[in-house]
Amino acid sequence: MVFYCQRHSYEKTYTTKVVACNPAKLDVVENSKKKKVDCYETTFEDTVMFPEGGGQPDDRGTVDGIPVLRIIRKGGDAVHYLEKPLEVGSLVTQEIDWIRRHDHMQQHTAQHLITAIADSIYGYATTSWYLAESVSYIELDTEEIPDEEISAVEDAVNQRIRDATAVYVKEYDASDTELKEIRTRGLPDDVVGPVRVVTIQDVDANMCCGTHVCNLADIQAIKLLHTEKGKANKTLLFFVAGARVLRYLGECVDRERHMNTLLHSCPSDHLRLVEKKQKDLKSTLRSLKEALKDLAVAEGQKFLAQDPRPKVYFHHRRDGDMNYLGAIINEINDECVLKVLTAGEDNGPGSLLVHGPASLVAQVGPG
Ligand SMILES: [Zn+2]
């Protein structure tokens, strides 16, 4: 079945009839924990709400004000999981969370476009993709993608957006011979009824059950971010599209402002200054290590100079560490003296080293 949402991707509300509504349990994840919630499995004559499919997550929204928790495909039906029941046979109004849906349409159409351009310029086939909450990726069938190729793909996809290229959907009967010419990627196994072909004018034609923008201009922009190694010689290419581009840029600008304050500099100096600070820190830590080693020797010598030599030696140093404590014990080098050494902040975690005659260490040491 082709749903109302697929034929009218820009509709936000729809009035339809309740066909079935039964109590059900739904698996949800809350604070990283799985749990089951009581809800109502509901089907309608048709729906403006997109059920999960083709890599696109399901919609959220309400039906007569009742929140919809999930929508999945079961054969030809879109099953909606509602918090409260609805009367079978009644007319109800569905309303979608448009910000979420429009975002999904932008990311999804962007994926079609990047896939088509990466294929046409470099012959990289897309083997899968993932629409995530903030940054999505497409998995390309190549071991690596050089930076200049990423730039070329980014330029080409954004040129198509600036060209305000049309995107349209045509439905075909499953036996239509024209379909053989078109890619089958992204079509769920349980799809029933007519096959939908999504075409980006002069760029790509592809079977898909998702919802898409009607013109690439509605994506606004696509930013390709970085790559990661995928499984079996594949490469993941991360991207943001649509409203996410400005959000991402906004987050970068916020971080940049914080860095301006922290580094007392302008953004063009950030990299140089951080590299310099890292180098300085490395050298300072090296000096500190040397100084602590010298100090440990001096502390040990100070103890050894006492006459008569005490049987117990206590020592604490806030900025010491296990190497420092160990160096004092080495310097004292007297098995008869019980040494109780500590290092660390007064109320924080720290190090404890107890050394000396076994019977005394057993009494002092932990456990
Ligand atoms: Zn699609």
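Below is a short write-up of the structure. (Residues numbered from 1 in each chain as written. Predicted model: local features only at pLDDT ≥ 70, side-chain atom pairs only at ≥ 80, totals over all residues.)

**Remarks on the environment of Ser32**
And step 1. By secondary structure assignment, the location of Ser32 is in the loop between strand 1 (13-30) and strand 2 (33-44).
And step 2. Under the C-beta neighbour-count criterion, Ser32 is labelled exposed, with 5 such atoms within 10 Å.
And step 3. Along the sequence, Ser32 and Ala241 sit 209 residues apart, while their C-alpha atoms lie 27 Å from each other. (Helix = DSSP H or I, 4+ residues; strand = E, 2+ residues; numbered from the N terminus. Buried ≥ 20, exposed ≤ 12 C-beta atoms within 10 Å, placed from the backbone.)

**Quick notes on the sheet that holds strand 9 (residues 167-172)**
And step 1. Sheet architecture is open: 3 strands sit in the order 9-10-11, paired in antiparallel fashion. Each having just a single partner strand, strand 9 and strand 11 (204-207) make up the two edges of the open sheet. Within this sheet the neighbouring strands show an average axis-to-axis angle of 25 degrees, counted without direction.
And step 2. Looking at chain direction, strand 9 and strand 10 (residues 195-200) are connected through 6 bridges and run antiparallel. Residue Val169 lies in a different strand from strand 10, and its bridge partner there is Val198.
And step 3. Along the sheet, helix 2 (residues 98-122) makes contact with strand 9, strand 10 and strand 11, crossing strand 10 at roughly 65 degrees. (Pairing = 2+ DSSP bridges. Axes fitted to C-alpha atoms, helices over the stretch in contact; angles between N-to-C directions. Contact = placed C-beta atoms within 7 Å.)

**Here's the deal with unusual backbone geometry**
And step 1. With an omega of 0 degrees, the peptide bond between Asp307 and Pro308 qualifies as cis.
And step 2. Mapped onto the secondary structure, Pro308 falls in the loop between helix 5 (267-304) and strand 14 (312-317).
And step 3. Positive phi values are uncommon outside glycine, yet Asn31 reaches one of about 50 degrees.
And step 4. Within the secondary structure, Asn31 is located in the loop between strand 1 and strand 2.
And step 5. Overall, the presence of 5 C-beta atoms within 10 Å leaves Asn31 in the exposed class.

**A word on the pairing of strand 15 (residues 338-344)**
And step 1. The two faces of strand 15 differ: Lys339, Leu341 and Ala343 on one face are buried, but Leu338, Val340, Thr342 and Gly344 on the other face are not.
And step 2. With respect to chirality, the unit in which strand 14 leads through helix 6 (residues 322-332) into the neighbouring parallel strand 15 is right-handed.
And step 3. Here strand 15 pairs with strand 16 (residues 350-355) via 6 bridges, running antiparallel. Paired with Lys339 across the bridge in strand 16 is His355.
And step 4. In this antiparallel pair of consecutive strands, strand 15 and strand 16, the connection spans 5 residues. (Right-handed = clockwise from strand over helix to strand, strands pointing away.)

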